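# Survey of secondary and tertiary structure
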Amino acid sequence: MKRIKFVLGLTFLLLAAGAGGCVFVIDTGSLVRPGKPAATTEQRAEPVPAEPKSNPPSETVAALEKSVHEQVNQYRAGRNLPALKLDPRISERCRAHSAEMASDRAPFSHDGFEERVKAIGKQISYRSAAENLAYNLGYSDPVKLAVEGWIKSPGHRKNMEGEFDLTGVGIVQNAKGKYYFTQIFIRRR
């Protein structure tokens with residue numbers, strides 16, 4: 001049986017100084033956890049929000065998603081890693097997960113990651129995948145905060161530095177003004 005490793009950054013709430021990573025092995029559809037996941041450190045802090053905001057117009061969300069993509073690629077370039085190509089099919093899955101979390105239909109977690117990747121796999125033949133999540137509230141530059149949080153977290157940084165060639169980004173803002181970020185990384189076959 002062929003085994004595909006998925007390196008997942010553990011969920012964290014932004015302002016986390018660091019978090020461990022967790023490795024999962026998918027074995028023809030069954031999830032096997034090889035040992036205990038690494039420990040995680042979480043700080044649950046949010047600034048006092050301003051007035052609640054409605055969802056931003058789609059062009060604003062598209063600009064935020066593009067900014068995540070650009071900032072992650074700038075980080076990769078600084079480490080002599082190739083740029084990731086933004087794929088709209090992956091972004092669609094990311095946006096759907098962010099929307100689920102933003103609406104409280106799903107917890108802020110990697111729950112359902114295997115299903116998201118299997119759905120992507122129906123359109124893109126892949127070897128490996130990883131996912132980073134973040135959320136924040138009340139910051140003038142939510143993208144910068146999210147990306148900086150990922151860089152400071154060993155597990156998330158490992159995903160950003162991974163041998164991937166495609167990515168997707170999905171951002172949704174809920175009625176309270178909280179931004180939810182999902183980024184999936186894919187390495188094609």
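Here we summarise the structure given alongside this text. Since we're looking at a predicted model, the values are computed, not measured. (Residues numbered from 1 in each chain as written. Predicted model: local features only at pLDDT ≥ 70, side-chain atom pairs only at ≥ 80, totals over all residues. Heavy atoms only, no water.)

## Side note on the pattern of salt bridges
- For the structure shown, the criterion picks out 9 salt bridges.
- One salt bridge in this structure joins R105 and E100, with 3.2 Å as the shortest N-O distance.
- Judged by its relative accessible area of 56%, R105 falls in the exposed class.
- E100 gets classed as partly exposed once you look at its relative accessible area, which sits at 30%.
- Here R187 makes a salt bridge to E163, at a shortest N to O gap of 3.4 Å. In this pair, R187 is assigned in strand β7 (residues 179–188) and E163 in the loop between α5 (154–160) and β6 (166–173), connecting sequence segments 24 residues apart. (Salt bridge = Lys/Arg side-chain N within 4 Å of Asp/Glu carboxyl O. Buried < 20%, exposed > 50% of the residue type's maximum accessible area, 1.4 Å probe, protein only. Helix = DSSP H or I, 4+ residues; strand = E, 2+ residues; numbered from the N terminus.)

## Some points on helix α1 (residues 58–77)
- The terminal C-alpha atoms of α1, which comprises 20 residues, lie 28 Å apart, in line with the 28 Å expected from a rise of 1.5 Å per residue.
- When α1 is considered as a whole, its buried residues turn out to be V61, L64, E65, S67, V68, H69, Q71, V72, N73, Y75 and R76. (Expected span 1.5 Å × (residues − 1).)

## Here we look at the nonpolar core
- In this structure, V68, I171 and F181 are the most contacted members of the largest nonpolar core, which totals 18 residues.
- Elements with a contribution of two residues or more to this core: α1, β5 (126–136), α4 (142–152), β6 and β7.
- Within the second largest apolar cluster, 11 residues are counted, among which are F113, A129, L166 and I184. (Core = buried A, V, L, I, M, F, W, Y, C linked by side-chain atoms within 4.5 Å.)

## Concerning the side chain of H110
- Considering the arrangement of structural elements, one finds H110 in the loop between α2 (88–102) and α3 (113–121).
- A distance of 2.5 Å separates a polar atom in the side chain of H110 from a polar atom in the side chain of E131. (Polar contact = N/O pair within 3.5 Å; in protein donor to acceptor, adjacent residues only side chain to side chain.)

## Comments concerning unusual backbone geometry
- In this structure, N80 is a non-glycine residue whose phi angle is positive, near 60°.
- With respect to the helices and strands, N80 occurs in the loop between α1 and β4 (85–86).
- We note that D104 has phi near 65°; this positive angle belongs to a residue other than glycine.
- Structurally, the position occupied by D104 is in the loop between α2 and α3.

## Comments concerning the pairing of β5
- Within β5, 10 of the 11 residues are buried, which leaves the element mostly enclosed by the surrounding structure.
- Where β5 meets β7, 10 bridges bridge the pair, whose relative direction is antiparallel. The partner of N132 across the bridge, within β7, is Q183. (Pairing = 2+ DSSP bridges.)

## Some remarks on the packing of aromatic side chains
- Applying the stated criterion to the full structure yields 5 aromatic pairs.
- Both rings, one in F108 and one in Y135, keep their centres 4.8 Å apart while their planes meet at 85°; by these two values the pair is edge-to-face. You can see F108 sitting in the loop between α2 and α3 and its partner Y135 sitting in strand β5, a full 27 residues away along the chain. There is no split in this pair, since F108 and Y135 are both buried.
- We note K178 situated over the ring of Y135; from NZ or CZ to the ring centre the distance is 4.4 Å. (Phe/Tyr/Trp six-rings, centres within 6.5 Å; stacked < 30°, edge-to-face > 60°. Lys NZ or Arg CZ within 6 Å of the ring centre and 35° of its normal.)

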